[in-house]
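# Notes for the structure review
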Amino acid sequence: MNYFGNLFEKYFAELLGCTLDKNEYEKIPEEKEKRADWKICCGKHKILVEQKSAIMRLSAKQQGDVSAIKSFAVKTVIKAMRQLERTENDFGAGKYIKIILLYEDYLKPEILEQIMDMPECDVENDNYYWLVTISEMERLLTVAKNDRKKFDDIICDKVDRELHHSLAGKSLDQLLDEHGVTDNEYIR
């Protein structure tokens, strides 16, 4: 898993390098206390990214094993939220969008509200935590490279839906589709 995690991190660094200017992103140096992996400042948007390469157990995917999903939430998602919160507090530069970047697309973003209600979760829900898959991030960052206005519109729509607990759907995948970004140009 460590090897896969290292490769996932290198892949994301390559994605950032291909889609954003060098002054728009930086690898956050490791400290004694674990922090987020990346800081992105793209236009008016400040984003922290914590990459998680952990893969959910097969029992969760095939049989809907609730205990396996809960275990993944505690070991992976809540851990990432703590790292993102700590980094935001360390920077002390106001509110950041805090992205938990997952390799897999099994969990839907709406589950974050349920995770926030778990007794194991000690992170305050400020509605700026996002679950994002690498596929969604490829599409989003390609939009940032090619059309900054559309990128801003997508980010603003996502923030609005999170803050107002929209029932119209919160997935970045859905928002990208709604804005006409249906293909993954980065993969091409």
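What counts as what
- Every chain begins its residue count from 1, and numbering advances along the sequence as written.
- In keeping with the predicted nature of the model, local features appear solely for residues at pLDDT of at least 70, side-chain atom pairs appear and are counted solely at 80 or more, and the whole-chain, interface and lining totals rest on all residues.
- Calculated side-chain values reflect all of the structure's heavy atoms, with hydrogen atoms and water omitted.
- Secondary structure follows DSSP: runs of H or I at least 4 residues long count as helices, runs of E at least 2 residues long count as strands, and numbering of each begins at the N terminus.
- Expected span, for any helix, means 1.5 Å times one less than how many residues it has.
- When a residue's accessible area, from a 1.4 Å probe over protein chains only, is under 20% of the maximum for its type it is buried; when over 50% it is exposed; and in between it is partly exposed.
- The arc in question is the one traced by the directions running from the helix axis out to the C-beta atoms.
- Throughout, a contact is declared for two residues whenever any of their heavy atoms are within 4.5 Å.
- Take a side-chain nitrogen of Lys or Arg and a carboxyl oxygen of Asp or Glu: if they are within 4 Å of each other, that pair is a salt bridge.
- Between the rings of Phe, Tyr and Trp (Trp by its six-membered ring), a pair exists once the centres lie within 6.5 Å; its type follows the angle of the planes, with under 30 degrees stacked, over 60 edge-to-face, and the other angles tilted.
- In this scheme, the term charge over a ring applies when either NZ of a lysine or CZ of an arginine sits within 6 Å of the ring centre and within 35 degrees of the ring normal.

## Let's talk about helix 1 (residues 2-19)
In a regular helix each residue adds 1.5 Å, so 18 residues correspond to 26 Å; helix 1 covers 26 Å between its end C-alpha atoms and thus fits that length. If you check which residues of helix 1 are buried, you get Gly-5, Phe-8, Phe-12, Leu-15, Leu-16 and Thr-19. The buried side chains of helix 1 occupy one side of the element, clustering within an arc of 95° when seen end-on. Every exposed residue of helix 1 that faces more than 90 degrees away from the buried side is listed here: Asn-2, Tyr-3 and Lys-10. Contacts made by the buried residues of helix 1 are with strand 1 (25-27), strand 2 (38-42), strand 3 (45-52), strand 4 (97-102) and helix 5 (134-146).

## Things to note about the pattern of salt bridges
Pairing between side chains of opposite charge can happen when their charged atoms approach one another. Inspection of the entire model under this criterion finds 20 salt bridges. Notably, a salt bridge pairs Arg-86 with Glu-33, separated by 3.2 Å at the nearest N-O pair. One end of the pair, Arg-86, is in helix 3 (residues 66-91); the other, Glu-33, is in the loop between strand 1 and strand 2, and 53 residues separate them in sequence. Between Lys-158 and Glu-162 there is a salt bridge, with the nearest N and O atoms lying 2.6 Å from each other. With Lys-158 and Glu-162 both in helix 6 (residues 148-163), this residue pair falls four residues apart, about one helical turn. According to the relative accessible area criterion, Lys-158 is buried, its value standing at 1%.

## Things to note about the packing of aromatic side chains
As enumerated under the stated definition, the model contains five aromatic pairs in all. Aromatic side chains Phe-91 and Tyr-96 sit 6.0 Å apart centroid to centroid with 50° between the ring planes, which places their arrangement in the tilted category. Among the aromatic residues, those joined into a ring-pair cluster are Phe-12, Tyr-25 and Trp-38. A cation over an aromatic ring shows up here: Lys-39 above the ring of Phe-91, its NZ or CZ 5.0 Å from the ring centre. Here Lys-46 stacks its cationic end above the ring of Tyr-96, 4.7 Å away from the centre of that ring.

The quantities given are spatial measurements derived from coordinates; they are silent on function.
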